[in-house]
Amino acid sequence: MSSLRELARTISTLADQLDDYNDGISANGAVSPETKDWLQNAPKELSQSRVELIDTLLELKYRLQSPQAALEDLFFGYIDTSSLQVIYALNLPSYVPVDQPISYAAIAAASGFSEHVLRRLYRYAMTNRIFTEPEPGMVAHTPISRMLLHPDAFDCLGMTMQELQPALNHLLDALKTNPESTEPNQTAYNIANNTDLPMYPFLGKHPDRAKRFGAGMRHFTVGDHTDLRHLIDAFPWKTYDREDVRMVDVGGGQGAVTLRIASETSKMKFTVQDLEQTAAVGRSQLPDNLKERVQFMGHDFFSDQPSKDVDIYFFRWIMHNWSDKYSVKIIQALIPGLKAGAKVLVYEHLREGDSVMKWSGKGAGYLDMVMLGCYNGSVRTSEEWKALFAQADSRFVWNGVTKVPGSALSLVEVTWEP
Ligand SMILES: C[S@@+](CC[C@H](N)C(=O)[O-])C[C@H]1O[C@@H](n2cnc3c(N)ncnc32)[C@H](O)[C@@H]1O
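All residue numbers here refer to positions counted from 1 along the written sequence of the relevant chain. Per-residue local features of the predicted model are confined to residues with pLDDT of at least 70, and side-chain atom pairs are confined, for both listing and counting, to 80 or more; whole-chain, interface and lining totals are unaffected and use all residues. Hydrogens and waters are ignored; side-chain quantities use all the structure's heavy atoms.

Trainee: Before we move on, can you summarise the nonpolar core with the specific residues and values?
Mentor: By convention a nonpolar core is built from buried Ala, Val, Leu, Ile, Met, Phe, Trp, Tyr and Cys residues, the set being connected through side-chain atoms within 4.5 Å. Burial classes follow relative accessibility: with a 1.4 Å probe on protein chains only, a residue under 20% of its type's maximum area counts as buried, one over 50% as exposed, and anything between as partly exposed. Judged by nonpolar contacts, the single largest core of 45 residues is most densely connected at Leu 231, Trp 237, Ile 312 and Phe 314. Every helix listed is a DSSP run of H or I at least four residues long, and every strand listed is a run of E at least two residues long, numbered separately from the N terminus. Per element, the largest residue contribution to this core is six residues, and it comes from helix 18 (residues 362-375). In this structure, this core is formed jointly by two domains, domain 3 (151-209) and domain 4 (229-416), each of which donates at least three residues. Contacts between residues were defined by any pair of non-hydrogen atoms, one from each residue, lying within 4.5 Å. Excluding residues within four positions of it along the chain, Phe 314 makes contact with Leu 231, Trp 237, Met 247, Val 248, Asp 249, Val 250, Val 257, Leu 345, Tyr 347 and Leu 411. Grouped together as the second largest cluster of nonpolar side chains are 28 residues, Tyr 313, Ile 335, Leu 338 and Phe 396 included. All the domain ranges listed were derived from an automatic or database domain assignment.

Next up, the structure:
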């Protein structure tokens, strides 16, 4: 086990690398760390340094906290959730101007809530660096609270606080009622919403919630560790960029992934498949300059794959929604049309193992609990992916996993070799 001094040295070395970069961009008149995610466009190695630095800082914190203090943080974690619920329900960010402070008294007058209560709500949020008090009695944005002014980020807050969190409150009931269930409609989400429908069809009947869910998901696809630039770096797209190459984006939603890959290439062609309702939205928003190369198709991925002579079948964030039983069916539905050498690419969070004790493992952990509670799905390890494809058919040959430094998602690559 590293000593505190060794951990501090690691922190110092990594901090030097990041400071050197920051000094460089500041000298060029680039963004200030106060106002932007100044590492957003940093080289890959520095994205990785950032992750390692946070992992090491938290290791140091856990080594310094007494077990009692660590437990106290955990016991009262629900206060953070309650705070976020209030921030969403009262839309606290909206009262604070983008780039100047406002008094509690002015927020009280605008909102109708008492100044005394508002002060406590904003001040608790400040312990999580949401808002700041630049001078007594005044509230201003931090980069985090300012991000919540973006509609997608705010919808993401709503999605987590009003869609996912209430479902997870019923996890225990679901596990007691249907232990070991692999069905998407026997979940905590079903209990929370008193429905027999799986989540997506249920949302289909509640358009406002479905719209918020879509926007919340969009928030997760931009910036930092989920940015699609990591996918561009994870696969040799340029070598596939020929007129005879076709990719099918299975369950591709409104086409976010395909549109990005299409904009990085100029010749290869794409089909985005999803349930017709979703495909129709993507089709209606397709930019004119991509109409020659991108098409949308309504297709249920449990039915035989209609697109043949395809080089790449791509799945982002699809099979984590489904238990192994259903994921195997999704994979097997590809088989009737597969040509020799076709690639299957899966782009998802991967769990690193059974006992990851790092901040960088939290994202996959959060998602795994959401998958359990809302879909009876699962965030898998690379070994579990290997086993899943082997279970689907022995002619899928495992090529391995690529994780770009700084990326939260990994690319699983498999080739069909009949
Ligand atoms: C988590 S979203 C991922 C969307 C997209 N791949 C992305 O990464 O942005 C899951 C997608 O699966 C689609 N889906 C769910 N069931 C489906 C089915 N049976 N056939 C086709 N698509 C389905 C949903 O409509 C949704 O767009």
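Trainee: Please give an account of the domain arrangement of the protein that cites residues and values.
Mentor: How big an interface is tends to be reported as the loss of accessible area on association of its parts. Split into domains, the protein comes out as domain 1 (4-71), domain 2 (76-147), domain 3 (151-209) and domain 4 (229-416). Centre-to-centre, using C-alpha coordinates, domain 1 lies 27 Å away from domain 2.

Trainee: Just give me the short version of the site of the ligand, but keep the residues and values in it.
Mentor: Of all residues adjacent to the ligand, which total 15 residues, the nearest are Gly 251, Asp 274, Asp 300, Phe 301 and Arg 316. Residue Asp 274 places a side-chain N or O atom 2.6 Å away from an oxygen atom belonging to the ligand. One nitrogen or oxygen atom from the side chain of Arg 316 is found 2.6 Å from an oxygen atom belonging to the ligand. Each accessible area is a Shrake-Rupley estimate made with a 1.4 Å probe; only the visible protein chains count as cover when residues are assessed. Calculation on the ligand without its partners gives an accessible area of 590 Å², and the protein chains cover 87% of this total. Any residue outside Ala, Val, Leu, Ile, Met, Phe, Trp, Tyr, Cys, Pro, Asp, Glu, Lys and Arg is labelled polar, Gly included; the first ten of those are nonpolar and the last four are charged. Here the shell around the ligand is composed, by residue class, of six nonpolar, six polar and three charged. We call a residue near a molecule or strand whenever a single non-hydrogen atom of that residue lies within 4 Å of it. Polar contacts here mean pairs of N or O atoms no more than 3.5 Å apart (in protein, one a potential hydrogen donor and the other a potential acceptor; neighbouring residues in sequence count only if both atoms are side-chain atoms).

Trainee: Provide a residue-level description of the sheet that holds strand 3 (residues 246-250), including the pertinent values.
Mentor: Within a sheet, neighbouring strands are paired by backbone hydrogen bonds and run either parallel or antiparallel to one another. In short, DSSP must find at least two bridges between two strands for them to pair. Within the open sheet, the seven strands sit side by side as 5-4-3-6-7-9-8. Their pairing is mixed. The outermost strands of the open sheet, each flanked by one partner alone, are strand 5 (294-298) and strand 8 (396-402). In this sheet, adjacent strand axes meet at a mean angle of 20 degrees when their direction is disregarded. Across six bridges, the pairing between strand 7 (residues 343-348) and strand 9 (residues 410-416) is antiparallel. By the bridge assignment for strand 9, Glu 348 is matched with Ser 410. Note on geometry: axes are lines fitted to C-alpha atoms, helical ones only across the stretch in contact, with angles between N-to-C directions running from 0 to 180 degrees. Packing against the sheet, helix 16 (residues 276-285) makes contact with strand 4 (269-274) and strand 5, and its axis sits at approximately 160 degrees to strand 5.

Trainee: Which residues make up a negative patch on the surface, and what values do they have?
Mentor: Residues enter patches when their relative accessible area tops 30% and they take part in no salt bridge; the joining distance is 9 Å for like charges and 5 Å for the nonpolar side chains Val, Leu, Ile, Met, Phe, Trp and Tyr. The salt bridge definition used is simple: a Lys or Arg side-chain nitrogen within 4 Å of an Asp or Glu carboxyl oxygen. All tallies of charge rest on Lys and Arg as positive and Asp and Glu as negative; His and the ends of each chain are not included. Charged groups are reduced to one reference atom each: NZ for lysine, CZ for arginine, CG for aspartic acid, CD for glutamic acid. Taken together, the side chains of Asp 16, Asp 19, Asp 20 and Asp 23 present a region of like negative charge at the surface. Here Asp 20 shows up in helix 1 (residues 4-27).

Trainee: How would you summarise the pairing of strand 5 if you had to cite specific residues and measurements?
Mentor: In the case of a regular strand, side chains alternate between the two sheet surfaces. Judged from the five bridges that link them, strand 4 and strand 5 form a sheet pairing that is parallel. Bridging across to strand 5, Val 272 finds its partner in Phe 296. When the strands point away from the viewer and the path from the first strand over the helix to the second turns clockwise, the crossover is right-handed. At this point the chain moves from strand 4, through helix 16, to the parallel strand 5, and the crossover so formed is right-handed.

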